[in-house]
Structure formats: C-alpha cells, structure tokens
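# Structure assessment
Single-letter residue listing:
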Amino acid sequence: MAGASWASVIGGLIFMTTAYLLYHTFADVYQTSILTAGRGPVFFPRIILAAMAVLSLMVTIEGLREKGAEFRPREILAAGGAIVFSGVYILSINSAGFVIPSMIFTFLMPFVLGYRGIWIALAIAILYPLSIWYLFEKVFLIILPSSPWLELF
Amino acid sequence: MDFFSLGLEHVLTMPALISIVIGTILGVAVGVLPGLGSVIGITMILPFTFSMEQIPALALMLGVYCGSVYGGSISAIVINTPGTPQAAATALDGFPMAQRGEADLAIGWATMASTIGGLFSVGVLIIAAPQLAAFSLNFTAIEYFALGVFALICIANVSRGAMSKGLLAGGIGLFLATVGVDHVTGDMRFTFGSFEMTAGISLIPAIVGLFALSEVFIRASESTQVKTVIAHKVGFRLPPFSEWRPRLWLLLKSCMIGSFIGALPGTGAATSSFIAYSEAKRSAPNRDKLGTGEPDGIIASESANNAVTGSAMVPTLALGIPGDPVTAVMLGSFIVHGLAPGPRLFTEHLDLVYAVFLILIAVNLVMFVVGALGAQLFTRALRIPEPLLMTMVVVIAIVGAYGVRGNPLDLVTAFIAGVGGFILRKAGFPLAPLVIGMVLSQMIENSLRQGLLLTRGSFLAFFERPITLSLFILTAMMLIWPVIRWLRSRKKEA
C-alpha cells in the first residue's frame, strides 16, 4: 500500500497544529499587560511558531517529491502492538502500582516483539520487576507507584 | 592547588570510586549491545542516581558515557554490528581481523586507542573549559542569545535528514519548552486550562520517551524475527610497542580530530570517527590495506570517537550549552543533582569541576582494565534476545521518567514523547535538534528578552556587538551553505 509520504503527512499535521497555536497566541488571555512592551508571555513562542509554520510547509512540499509511505501489515501490527501495550502498561501503573503491571508487561511484551521462549519470559517477568522494585523502594528509597490492592507492593 | 586537592578529596571516597567502576562496566555493556547507545544508557542509569550523593552520581553517569562509546567497538569487531553508531568505522577493519582469528588483537588495539583518545580529550577539557568559561564571563544576554541560536542551527543542520526537518525538529523542541508558566511574567502559556500542564513538559521524561521508547517501537516495526548472534572467539591481546611506534602520528592526529569535532555543536563521536578514518585512508602509512583488517583503521576510529567524550563536555560545562543529545542528557542530570553548568560553575564550584576532570581520567583508566579483563564476558551479553532486552529497557526507562519528580503525569509525557519520536523518526526527522531545542529554549528566550531590554527594544543593536555579529554570520553561513551546495549539484547535473 503506498500513498503520500510520511514526511508530507507529518509536515501537514505540524503545519495545522502550528497554525492553530499561532492563532491561539492572539487570545485575550495573553493580552495581559502593556508593561511588557510587546514582549509578553507569547512573544518568543510566536516567533518560534511562525518559523515552524514556514518550515512545516517546506517539509510538506519537499515530502511530496519523496516516495509514498509503504505499510506492511506485519510491521503495523508489531509496532502498533508495542505502542498499545506500552500505553496500557503506563496507564495501569498509575492505577495498579508498579509491580503487577510490570510483571504482566514484561511477560507479554517479548511475545509482541517476536520472542517465543515462554519459560524464560516468565522467569524474567517475575524476577526483573521485583528486583527493580526492591532496589528502588528498599535500597534507593525512591517510592514507586503502589498497588491499591496489595499492601507490600 | 587547593581546589585540586578538594576535587581529589571528592573523588577519593568509596562511593565515588565504586560508581566509577560500576558506571564504566555498565557503560561498556550498554555499548556492546547494538541499538542501546550512550543516550539510552544514561537515561537508564539516571533513576539509580536520584538518591545518590552528587559526586558518585556524576561518576556513575560519566562512567556510562565513556564506557558506552568504547563498548560499541567490541560488538563491531566480534559480530560486525557496531553496538553504537560511533563504532561503525571500527567494524571496517575490526571484523576482518576477527575473521582472521585476531579478534583478541583487534580488541587490544581498540581498547588502547580508546583509552588514549579518552585521556587526550580530558586534557583538552582541562585546558579549554576554564579558558572558555573565563572568556564567557564577558558575555551579556545578547551573546548568549546568539550562541544558543548558533548551537541549535548547527545541530539542526548537521543532523541526518533534510535541513528543513532538522530545523523544524529544533523549533518543536523550542516550543515544547515554553509550555507552562512564563518565568518572566508568571503567565500560563499553552496549558489550555489544565492544572497539570502548569509545571510544563519535563525534560527527562521527554528524553526517555524520545530515545528509549521510540527505539523499542522502531525495533518492533522493523523486525519480528529474533536473530541469532554468531560471535567470534574473543580475548584480549595488547599489541607490542614496536607495532605502535609507526602509528603514533596517526593516533595523535585522530585524537586531535576527535577532540576538535567533539567540541563543535551538533557533531559527535560517529562523525569524528568517520572523518578520522577517512583521514587515515588518505594519509596513513598502511592506507592501501585499510578495510582488510588493518589496525590503522581501528586506531583512527576508536581514538577519534573516544576523544569526543571530554571535548564535548567543554561547551556543556563552560557555557551550559550541550553539543549533542548525550551531553544534553548529561546537562539535565547535572541540574537534577544541583549542579548548574556554565561560567559560574568555574568561579563558585571549582572543586566540583576538578572532581569531574579527575573522574573522567579515572573512568578512562578503568575502561582499559574493564576492556582487558572483560571483553569475553561482555560478548556474552550479545546472546540476550532482543525482545527481552527491549522489554527490560521499557521498564527501567519508565522508572527513570517517574523518578525525577515522582509525578504520574511524567509517565504520560514519556509515552507521548515515545510515540511522537517514533512517528518523527519514521518520517525522517532527526531527534537531536528537538532535545537540544528543549534544553536551550529557556536560555534563548530569556537572553532574547533581556537583550531587547538592554538595547531598548532594538534587535538591530544586537549586530553592533562583535562576538554576536560573528556568531550571526556563522549562523547565516550554516543556513546558506546547504542551499549553495544544492544549487551547485543542480548545476553539475544540468
């Protein structure tokens, strides 16, 4: 499957976002004080955003000359799986603590990445997050997110 | 002399010495494993330093930094896959030597050249950093503004991919760092009413996402087959001095190339090793044999890439301006540990500066011992299946992102940065300018605003200052040169 190049798609998205943010800098909330002599909170961001708008347009136009993006289903599945897994893992740390989500993630993620050794993955899934937790919580005294269900973790 | 003694006192403590050894060992291990590299190595080690004292924490990170640059040579020699991009040129002669059954000798050459390169660059750092810091004491906000812009444009310009993509990535970095409270007026910027956003986007979680997480996603998208590594038998054999003697000039020249390139913003160990290798190919006594397993190639590449480590710290320590993502992470972690690099560091905490110098010397010496004794052991790390390794990287990276402030929002920042980094890399955007943009944003913005106050709002008055004018001319040349090169190539084609 081929179409527009990644660069032009991303360039276009950045241009639209930049245009919106640039428009946003003229909102009433930023017209705070005449004492700043025009160099208020959005003075610098406005310069950056204006430059970004020009550059993103250039990237979009340059991208039109590049080869169209090719997507292999297996590639999308593997990368998408890794992203979704990592996202769910990170979100669940906030609600379920560090140890349990890390164990589940450490066990399942290698399979998403193509690994097939179930027993080694299981051993690492148990030992690795527990070692990290012990090292940080007990040795370095850095508190990691804790589980609402288990008192120890 | 007093400050030197104080620096020595800081370093000669058990925690600092242990950190030097452990940091170097971990650095070499990280360097050996293809794909991890110095930035991921330092971000992985960062959470371990949070509860450490200042000096041991710095020793651990500097050990990882220098060790990782050297470690890449081992996998380049043994499996023809450089552990880090910096060691890519080493594989050209290292692997043919390994195929001839001389992997131990190749590692001996690489270890010796790396150690000498590293020590040479520490010498450069010791001489150049205090001079630069003293010189920069005359700088006003206007010079700092010009310097910040110059550094960022350099990095955007020499990064891989098109210049416009590099500049855009730099712009994204500059913008992202403006989110949150404006430190001059106290107003909220781009928070859209969210209380959590008022603290802004934290640098370390963003770096963790951009480098560590995006690397995992890239690996996932590129390969779903687990590769088996076939490694040559490894050991360590030091070449005799008679073999070194005719190569001393090559060694010195490569060290100078590495140190010079390392101090420039935007370049780095990979660039320096290839330039030194090209120079060896042009002028080394055995240049005809380069690429067939000739030690000259290993000496040039390894001494040059390690000669970057100290000199890259020159602008970072003296001006607080990092030259590449590795020194940007180092700068961020220095700040986490209460050390603010810049000229004032040299006037107010000279003992700590001497401690950094001494740590770097010790790290390079320990690196030699670690390489000599542990080369065989480190190649065993290559047997760890990549999916397991990448999974472990994600978990420790997450701890790193969370540990800086203990703020759950930083985990979300790291994840978003990871996905964003993955998309940008897929589209051919370099990530280094983005990170440097984030680091330099506050300095550029503050100095611009202060500079305009000094000149009563006239930007043209910036050009009346000689240093600023020189820097602006250099910046303009950096921007115009690629256009001229493109026009020339078009003319040639026509």
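Relevant structure appears above.
What comes next is a walk through the structure.

About the cut-offs
Along each chain, the written sequence defines residue order, and numbers are assigned to residues from 1. Chain A is the first chain written and ligand 1 is the first ligand written, with later ones labelled in order. Given that the model is predicted, a residue must reach a pLDDT of at least 70 before its local features are reported, and side-chain atom pairs must reach 80 or more before they are shown or counted; all residues, however, enter totals for whole chains, interfaces and linings. Put simply, DSSP marks the helices as runs of H or I at least four residues long and the strands as runs of E at least two long, and each gets a number from the N terminus on. A residue is called partly exposed when the number of other C-beta atoms within 10 Å of its own lies between 12 and 20, exposed at 12 or fewer, and buried at 20 or more, with C-beta atoms placed from the backbone. Throughout, a residue-residue contact means that the two C-beta atoms, derived from backbone geometry, are no farther apart than 7 Å. It is over C-alpha atoms that the radius of gyration is taken, and the globule rule equals 2.2 Å times the number of residues to the power 0.38. Each nonpolar core consists of buried Ala, Val, Leu, Ile, Met, Phe, Trp, Tyr and Cys residues. Their C-beta atoms, within 7 Å, join them into a set. The domain limits used here are those given by an automatic or database domain assignment. Three classes are used, and their members are as follows: Ala, Val, Leu, Ile, Met, Phe, Trp, Tyr, Cys and Pro are nonpolar, Asp, Glu, Lys and Arg are charged, and the others, Gly among them, are polar. Under this scheme, a helix contributes an axis fitted over its contacting stretch, all axes are lines through C-alpha atoms, and angles between N-to-C directions fall in the 0 to 180 degree range. In what follows, roughly perpendicular refers to angles from 65 to 115 degrees, roughly parallel to angles under 35, roughly antiparallel to angles over 145, and oblique to any angle outside these ranges. Two helices cross in a left-handed way if the nearer one is turned anticlockwise from the farther one by less than a right angle. They cross in a right-handed way if the turn is clockwise.

## Concerning the overall build of chain A
- Helix and strand content of chain A: five helices and zero strands.
- Going residue by residue from the N terminus, the α and β elements of chain A occur as α-α-α-α-α.
- A burial count over chain A gives 36% of its 153 residues as buried.
- Partitioning the intrachain contacts of chain A with sequence separation of at least 6 by distance along the chain shows that 67% fall at a separation of at least 24.

## A few points about the overall build of chain B
- Counting secondary structure elements, chain B contains 21 helices and two strands.
- Here chain B has a C-alpha radius of gyration of 22 Å; the compact-globule value for 494 residues is 23 Å, and the two agree.
- Dimensions along the principal axes, computed over C-alpha positions, put chain B at roughly 70 × 60 × 50 Å.
- Counting only residues that meet the buried cut, chain B has 61% of its 494 residues in that class.
- A separation of at least 24 residues holds for 79% of the contacts in chain B among residues at least 6 apart in sequence.

## Description of the environment of B:I416
Residue and element names in this part refer to chain B.
- Inspection of the secondary structure assignment puts I416 in helix 19 (residues 408–426).
- With 17 C-beta atoms packed within 10 Å, I416 lands in the partly exposed category.
- When the C-alpha atoms of I416 and E102 are compared, they prove to be 46 Å apart, with 314 residues separating the residues in sequence.

## Structural notes on the nonpolar core
- With 220 residues, the main nonpolar core has B:I77, B:I359 and B:I398 as its most contacted residues.
- Each of domain 1 (6–64) and domain 2 (73–139) of chain A gives at least three residues to this core.
- The contacts of B:I77, once residues within four sequence positions are left out, are B:T90, B:G94, B:F95, B:M97, B:A98, B:A103, B:A106, B:I107 and B:A110.

## Some remarks on unusual backbone geometry
Residue and element names in this part refer to chain B.
- With a phi close to 50°, F192 is a non-glycine residue in the positive phi region.
- For F192, a count of 8 C-beta atoms within 10 Å puts it in the exposed group.
- Located in the positive-phi region is R456, a residue other than glycine, with phi close to 55°.
- Position of R456 among the secondary structure elements: in the loop between helix 20 (432–454) and helix 21 (466–493).

## A short note on the interface of chain B and chain A
- With 57 residues of chain B in contact, the opposing surface of chain A contributes 53 residues.
- Those elements that place two or more of their residues in the side of chain B that touches chain A are helix 3 (37–49), helix 8 (163–176), helix 9 (203–222), helix 18 (386–403), helix 19 and helix 20 of chain B.
- For the side of chain B that touches chain A, the element with the most residues is helix 18 of chain B, which contributes twelve residues.
- Among the residues forming the side of chain B that touches chain A, the class breakdown is 36 nonpolar, 14 polar and seven charged.

## Section: the packing of helix 4 (residues 99–112) of chain A against helix 18 of chain B
- Where helix 4 of chain A contacts helix 18 of chain B, the two axes come as close as 8 Å, and the packing angle between them is 150°. Our classification of the angle between helix 4 of chain A and helix 18 of chain B gives roughly antiparallel. Seen along the crossing, helix 4 of chain A lies across helix 18 of chain B with a hand that is right-handed. Touching A:S102, A:F105, A:T106, A:M109 and A:P110 of helix 4 of chain A are B:P387, B:L388, B:T391, B:V394 and B:V395, all from helix 18 of chain B.
- Residue composition of the contact of helix 4 of chain A with helix 18 of chain B, by class: seven nonpolar, three polar and no charged.

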